Amino acid sequence: MVEIESDTNEREQSLGTADTTETLPDLVAAIATNGRTGYINSTMLNKEMPTKPAKAAATGRTQAPPTIPVYDRDGVTVIGEFQFS
């Protein structure tokens, strides 16, 4: 089992999981599609996803589930991607 840090990184970003506090940390623990454990920027979790194909086409999004970068604890180094399903 991988241990998730609940801490602050060198850039003063809070690290943790989505269920450890009332408010989301800056970087939320996630598992990338490549199996690596890292963090996703919590602001990416609050973006509205299109609910209808026509709306997705209008925004330029494809039918494939969206992906977002997964970062190392520094919040800068991309180690993989997280795919919404």
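In what follows, the structure referred to is the one given above.
Quick summary incoming for the structure in this document. (Residues numbered from 1 in each chain as written. Predicted model: local features only at pLDDT ≥ 70, side-chain atom pairs only at ≥ 80, totals over all residues. Heavy atoms only, no water.)

1. Topic: the overall build of the chain
Alright, step 1. In terms of helices and strands, the chain carries one helix and six strands.
Alright, step 2. Along the chain, helices (α) and strands (β) appear in the sequence β-β-β-β-α-β-β when read from the amino end.
Alright, step 3. Across the 85 residues in the chain, those meeting the buried criterion constitute 26%.
Alright, step 4. Sequence separation of at least 24 residues holds for 37% of the intrachain contacts in the chain that already meet a minimum separation of 6.
Alright, step 5. Accessible area of the chain: about 5,900 Å², with a carbon and sulfur share of 51%. (Helix = DSSP H or I, 4+ residues; strand = E, 2+ residues; numbered from the N terminus. Buried < 20%, exposed > 50% of the residue type's maximum accessible area, 1.4 Å probe, protein only. Contact = heavy atoms within 4.5 Å. Areas by Shrake-Rupley, 256 points an atom, 1.4 Å probe, with all protein chains shown as cover.)

2. Points about the pairing of strand S4 (residues 37-41)
Alright, step 1. Of the pairings in the sheet, the one linking strand S3 (residues 27-31) to S4 comprises five bridges and is antiparallel in character. Its bridge partner being in S4, Leu27 is matched across the sheet by Asn41.
Alright, step 2. From the end of S3 to the start of S4, which pair antiparallel, there are five residues, and Gly35 there has a positive phi angle of about 90°. (Pairing = 2+ DSSP bridges.)

3. Side note on the pairing of strand S5 (residues 67-71)
A regular strand carries its side chains on alternate faces of the sheet.
Alright, step 1. The pairing of S5 with strand S6 (residues 78-83) spans five bridges and is antiparallel. Note that in S6 the partner of Val70 across the bridge is Gly80.
Alright, step 2. Hairpin connection between S5 and S6: a loop of six residues separates the two successive antiparallel strands, and Gly75 in this loop has a positive phi of roughly 75°.

4. Describing the packing of aromatic side chains
In this description, a pair of aromatic rings is defined by centroid distance and the angle of the planes.
Alright, step 1. Under the counting rule described, the total for this entry stands at one aromatic pair.
Alright, step 2. With a centroid separation of 5.2 Å and 85° between ring planes, the pair formed by Phe82 and Phe84 is classed as edge-to-face.
Alright, step 3. When its relative accessible area of 23% is taken as the criterion, Phe82 is described as partly exposed. (Phe/Tyr/Trp six-rings, centres within 6.5 Å; stacked < 30°, edge-to-face > 60°.)

Remember that the coordinates give geometry; whether it matters functionally is a separate question.
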